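Understanding the architecture of this molecule
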Amino acid sequence: MRTPIIAGNWKMHKNVGESLETARQLEERVKDSSVEVVICAPFTSLAALSALGLSKVKLGAQNMYFQDQGAFTGEISAGMLLDVGCEYVVLGHSERRQIFQEDDELVNKKVVKALETGLKPILCVGETLEERRAGQTEDVVVSQTKRGLAGVAADQLANVVIAYEPVWAIGTGENCDAEDANQVIGRIRGTLAELYGSELAEQVRIQYGGSVKPGNIKEFMEQPEIDGALVGGASLDADSFTAIVQY
Ligand code: 13P
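Residues numbered from 1 in each chain as written. Predicted model: local features only at pLDDT ≥ 70, side-chain atom pairs only at ≥ 80, totals over all residues. Heavy atoms only, no water.

What follows concerns the nonpolar core. In globular proteins that are soluble, nonpolar side chains generally tend to be buried together. By size, the foremost hydrophobic cluster in this structure holds 61 residues, and its most contacted members are Ile39, Leu149 and Tyr208. With 7 residues, helix α8 (residues 178–196) is the single largest residue contributor to this core. Once residues within four sequence positions are removed from consideration, tyrosine 208 is found in contact with Tyr164, Pro166, Ala169, Asn175, Cys176, Ala181, Ile185, Phe220, Ile226, Gly228, Ala229 and Leu230. The next biggest cluster of nonpolar side chains, apart from the first, holds 11 residues, and it includes Ile5, Cys40, Ala163 and Leu230. (Core = buried A, V, L, I, M, F, W, Y, C linked by side-chain atoms within 4.5 Å. Buried < 20%, exposed > 50% of the residue type's maximum accessible area, 1.4 Å probe, protein only. Helix = DSSP H or I, 4+ residues; strand = E, 2+ residues; numbered from the N terminus. Contact = heavy atoms within 4.5 Å.)

Here is the structure:
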């Protein structure tokens with residue numbers, strides 16, 4: 001059985017004080033949940049969140065660079081994220097791919113480095129509206145999955161989380177149909193089985209992301225292939241994120 005994982009991606013929201021307040025409320029409300037709960041906070045809040053010593057709510061970052069250290073102005077390494085208590089790091093989010101021109105090759109270097117350093121990557125894949133309309137959804141996610149995981153060893157795979165986030169569903173209020181998402185996620189798992197064998201593929205958690213709300217989380221979690229959610233807007237408020245965790 002895969003333990004469901006519900007992660008909040010706060011994106012570029014919340015200063016330190018706001019982060020601490022939301023995290024404290026969340027910890028209190030979800031402490032008895034059997035679901036794994038993660039908040040992916042801005043870099044500037046991570047050290048303070050770590051110092052709270054939360055036990056239920058785990059920490060993640062939203063990006064990192066693949067080098068260990070050096071002259072890379074503005075970048076953050078995997079080791080720095082571990083140092084401030086991160087267990088997870090979101091990589092290849094569509095906002096990174098689209099706004100900051102990250103390609104599969106760069107995302108892959110980050111995934112490999114994260115695993116080597118001891119962080120668990122949440123690798124995001126997903127098609128644009130144009131690609132969906134052209135019937136390319138499965139080709140796109142299969143390709144992003146294969147390229148994103150190039151060089152990842154079989155014994156590292158269980159530490160990878162994949163998030164299927166159709167780009168057109170992010171922040172739009174228009175979520176993907178749960179059965180459609182289940183089918184695409186099944187295809188991603190099939191790709192993992194091709195690469196690593198079905199036994200290992202069955203261990204990988206694959207989330208859905210894109211306009212997940214308290215009102216639709218249950219539909220997604222009822223699907224056999226969907227192991228959790230990556231939640232943007234609805235994770236900013238402790239009440240709505242708690243309702244999602246307690247689907
Ligand atoms: P929304 O939940 O706001 O659609 O964002 C999804 C997302 O991008 C999570 O990474």
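Next, the rest of the story.
Let's shift gears to the packing of helix α1 (residues 16–30) against helix α2 (residues 43–51). Interhelical geometry of α1 versus α2 gives an angle of 50 degrees and a closest axis separation of 9 Å. The orientation of α1 with respect to α2, classified from their angle, is oblique. Once α1 is placed against α2, the crossing between them reads as right-handed. Here Val16, Ser19, Leu20 and Ala23 of α1 come into contact with α2, specifically with Thr44, Ser45, Ala48 and Leu49. Of the residues in the contact of α1 with α2, the class split is 5 nonpolar, 3 polar and no charged. (Axes fitted to C-alpha atoms, helices over the stretch in contact; angles between N-to-C directions. Parallel < 35°, antiparallel > 145°, perpendicular 65-115°, else oblique. Left-handed = near helix turned anticlockwise from the far one by under 90°. Nonpolar A, V, L, I, M, F, W, Y, C, P; charged D, E, K, R; others polar.)

Within the structure, the ligand sits among 13 residues, and Lys11, His93, Gly171, Ser211 and Gly233 are positioned closest to it. Burial of the ligand by the surrounding chains reaches 96%, relative to a free accessible area of 310 Å². Across the shell around the ligand, the residue classes break down as 4 nonpolar, 7 polar and 2 charged. (Near = heavy atom within 4 Å. Areas by Shrake-Rupley, 256 points an atom, 1.4 Å probe, with all protein chains shown as cover.)

Mapped onto the elements of the fold, glutamine 246 is located in the segment after α11 (238–245). For the pair glutamine 246 and alanine 154, spaced 92 residues apart in sequence, the C-alpha to C-alpha distance is 32 Å.

Glancing now at the sheet that holds strand β5 (residues 120–125). Within the closed barrel, the 8 strands sit side by side as β1-β2-β3-β4-β5-β6-β7-β8. Their pairing is parallel. Each neighbouring strand pair of the sheet contributes to a mean axis angle of 25 degrees, computed without reference to strand direction. As paired strands, strand β1 (residues 5–9) and strand β8 (residues 228–231) are joined by 4 bridges and run parallel to one another. Paired with glycine 8 across the strands is valine 231, a residue of β8. Packing of α11 onto the sheet brings it into contact with β1, β2 (36–40) and β8, and relative to β1 it is tilted by some 160 degrees. (Pairing = 2+ DSSP bridges.)

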